[in-house]
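# Tertiary structure, described
If you want the building blocks of each chain, they are given just below.
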Amino acid sequence: MSQRKVSIRDVAAHAGVSVTTVSHVLNEAPGKRITDATRARVKQSADELGYAPSSVARNLRLQRSQMLALISDEIATTPYAGRMILGAQEAASKAGWLLMLVNTGFDSEFEAAEIRALRQRQVDGFLYATMYHREVVLPEAIDGVPTVLLDARSDDLSVPSVVPDEVGGGRTATEELIRHGHTRIGFLNNVDDIPATRGRLEGYRAALDDAGLVFDQRLVVEGSSDTEGGLQTARKLLSATDRPTALFCFNDRMAMGAYHAAAELGLRIPEDLSLVGFDNQELIAEGLRPVLTTVALPHYEMGAWAVETLIARIEGQELNGPHQVELSCPLVYRNSVA
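Residues numbered from 1 in each chain as written. Predicted model: local features only at pLDDT ≥ 70, side-chain atom pairs only at ≥ 80, totals over all residues. Heavy atoms only, no water.

### Some points on the packing of aromatic side chains
Counted according to the given criterion, the structure contains four aromatic pairs. Chaining the aromatic ring pairs together yields one cluster made of Phe-187, Tyr-204, Phe-215, Phe-248 and Phe-278. Positioned over the ring face of Phe-250 is Arg-200, at 4.6 Å from the centre of the ring. Just above the ring of Phe-278 sits the side chain of Arg-200; from NZ or CZ to the centre is 3.6 Å. (Phe/Tyr/Trp six-rings, centres within 6.5 Å; stacked < 30°, edge-to-face > 60°. Lys NZ or Arg CZ within 6 Å of the ring centre and 35° of its normal.)

Below you can see the structure in the form of structure tokens.
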């Protein structure tokens, strides 16, 4: 015969208190005058009897589903930002919440319909995420529900957001090249006007300035942020008579193009040319020879921060620190710098 399930009444009888007191203690009800000794006795009785309060009942009382939704443009269908989802999912699971994923494919009508459907299913909060760091306008369908921006920012500063420190990452990449004695450093930048383009250029210039090196606009070339863009921009810089001895590339795909340009021109990496990429796209960085030194995006940490902040908002907790956060981008040392 199966053993009878322990009830809240059993805990109350074991601790010598009322059922109401047990409920207040185990659900951590605010504003109740219960002594520390009584609280300790109730928790000890619950532990000894193996009693676990019903999360379903608690959620019904609090009118919560314990469900979060991550709405993204295309993160879920690309390999590059998977750690953002992993960070969010593990943080949600650790806190006892369930995370749902919706990929909108940049379709605003589909996005609005999915948000309405999730609201009908009592989702408690939204993570609004983008594939790359950009500025967004939140859809009207999300109004009134706790929301945190993930790898995105909005003009509405009441909405918490987390993005990479693009300036710091650009500075880190350039400083690594300066540390190895390079003074003529080219920058293959993205042609698109997005926060990463502006921030990484600002970091590049700041590192040069800190080292007492004069910024030379001729060493900054813009192109498409892909392999072809890297090939074309690197060709332009490396074909000059006073070519740079090192390149900082906007991302790893542009760095791959720079590898091709160097090979065409008979330049060995890192003996004749040093390179640092950005993003740490491991399929690229570890597939190149020599393997590429690059700056990593803090995808996992951003996902975790976003979930922890969203849960805090839902539970009415005061947020510690700023609502708009930039997380540092660490250098991943490999073999493309000498």
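### A word on the pairing of strand 4 (residues 147-153)
Burial of strand 4 is extensive: six of the seven residues sit out of reach of the surface. As paired strands, strand 3 (residues 125-135) and strand 4 are joined by six bridges and run parallel to one another. Bridge pairing links Arg-134 to Ala-152 in strand 4. By the bridge criterion, two bridges tie strand 4 to strand 5 (residues 161-164) in an arrangement that is parallel. By the bridge assignment for strand 5, Leu-150 is matched with Val-162. (Buried < 20%, exposed > 50% of the residue type's maximum accessible area, 1.4 Å probe, protein only. Helix = DSSP H or I, 4+ residues; strand = E, 2+ residues; numbered from the N terminus. Pairing = 2+ DSSP bridges.)

### Concerning the pattern of salt bridges
Counted by the stated rule, this structure contains 14 salt bridges. Of the charged contacts, one joins Asp-216 and Arg-218 as a salt bridge, the two residues approaching to 2.9 Å between their closest N and O atoms. A residue is classified by how much of its surface remains accessible, and Asp-216, at 15% relative accessible area, is buried. With its nearest N and O atoms 2.8 Å apart, the salt bridge here joins Arg-235 to Glu-264. A residue pair is termed long-range when its members are at least 10 positions apart, and Arg-235 in helix 9 (residues 227-238) and Glu-264 in helix 10 (residues 252-264) qualify at 29 residues. The network of salt bridges with common partners includes Arg-184, Asp-216, Arg-218 and Asp-242. (Salt bridge = Lys/Arg side-chain N within 4 Å of Asp/Glu carboxyl O.)

### Examining the domain arrangement of the protein
What the domain assignment lists for the protein is domain 1 (8-53), domain 2 (67-164 + 300-328) and domain 3 (166-297). A C-alpha centroid distance of 31 Å is found between domain 2 and domain 3. Counting residues at the interface gives six residues for domain 2, matched by six residues for domain 3. Counting the surface lost from both domain 2 and domain 3, the interface buries some 710 Å², and carbon and sulfur atoms represent 63% of this. For Glu-135, the salt bridge goes to Arg-198, with nearest N and O atoms at 3.2 Å. On inspection of domain 2 and its partner domain 3, the count reaches three residue pairs in polar contact (both at pLDDT 80 or more). When residues in the side of domain 2 that touches domain 3 are grouped by element, the largest group, four residues, is from strand 3. Split into classes, the residues belonging to the side of domain 2 that touches domain 3 amount to three nonpolar, one polar and two charged. (Domains from an automatic or database assignment. Contact = heavy atoms within 4.5 Å. Buried area = accessible area lost by both parts, 1.4 Å probe. Polar contact = N/O pair within 3.5 Å; in protein donor to acceptor, adjacent residues only side chain to side chain. Nonpolar A, V, L, I, M, F, W, Y, C, P; charged D, E, K, R; others polar.)

### Here we look at the packing of helix 1 (residues 8-15) against helix 2 (residues 19-26)
Helix 2 packs onto helix 1 with a crossing angle of 100 degrees between their chain directions and a minimal axis gap of 8 Å. Accordingly, the angle class assigned to the pair helix 1 and helix 2 is roughly perpendicular. Contacts from Ile-8, Arg-9, Val-11 and Ala-12 in helix 1 reach Val-19, Val-22 and Ser-23 in helix 2. Residue composition of the contact of helix 1 with helix 2, by class: five nonpolar, one polar and one charged. (Axes fitted to C-alpha atoms, helices over the stretch in contact; angles between N-to-C directions. Parallel < 35°, antiparallel > 145°, perpendicular 65-115°, else oblique.)

### A closer look at the sheet that holds strand 12 (residues 331-332)
Strand order across the open sheet formed by six strands is 7-6-8-9-10-12, with mixed pairing between neighbours. Since the sheet does not close on itself, it has two edges, and those belong to strand 7 (220-223) and strand 12, each with one partner. Two strands pair when backbone bridges link them, and strand 9 (residues 274-279) and strand 10 (residues 294-296) are joined in this way by three bridges, in the parallel orientation. Within the sheet, the bridge partner assigned to Gly-277 lies in strand 10 and is Thr-294. Packing against the sheet, helix 8 (residues 195-210) makes contact with strand 6 (185-190), strand 7, strand 8 (246-249) and strand 9, and its axis sits at approximately 170 degrees to strand 6.

### So, the side chain of Thr-293
Topologically, Thr-293 is positioned in the loop between helix 11 (282-285) and strand 10. Note on Thr-293: relative accessible area 1%, which makes it buried. Here the side chain of Thr-293 touches Arg-334 through a polar contact of 2.9 Å, landing on its backbone nitrogen.

### Let's talk about the nonpolar core
By size, the foremost hydrophobic cluster in this structure holds 43 residues, and its most contacted members are Leu-188, Tyr-204, Leu-247, Cys-249 and Leu-275. Among the elements that line this core, the one with the most residues is helix 10, at six residues. Apart from residues no more than four positions distant in its own chain, Leu-247 is found in contact with Leu-177, Gly-186, Leu-188, Ala-234, Leu-237, Leu-238, Ala-258, Leu-273, Ser-274, Leu-275 and Val-276. Of all hydrophobic cores here, the second largest spans 27 residues; its members include Met-131, Trp-305, Ile-314 and Leu-327. (Core = buried A, V, L, I, M, F, W, Y, C linked by side-chain atoms within 4.5 Å.)

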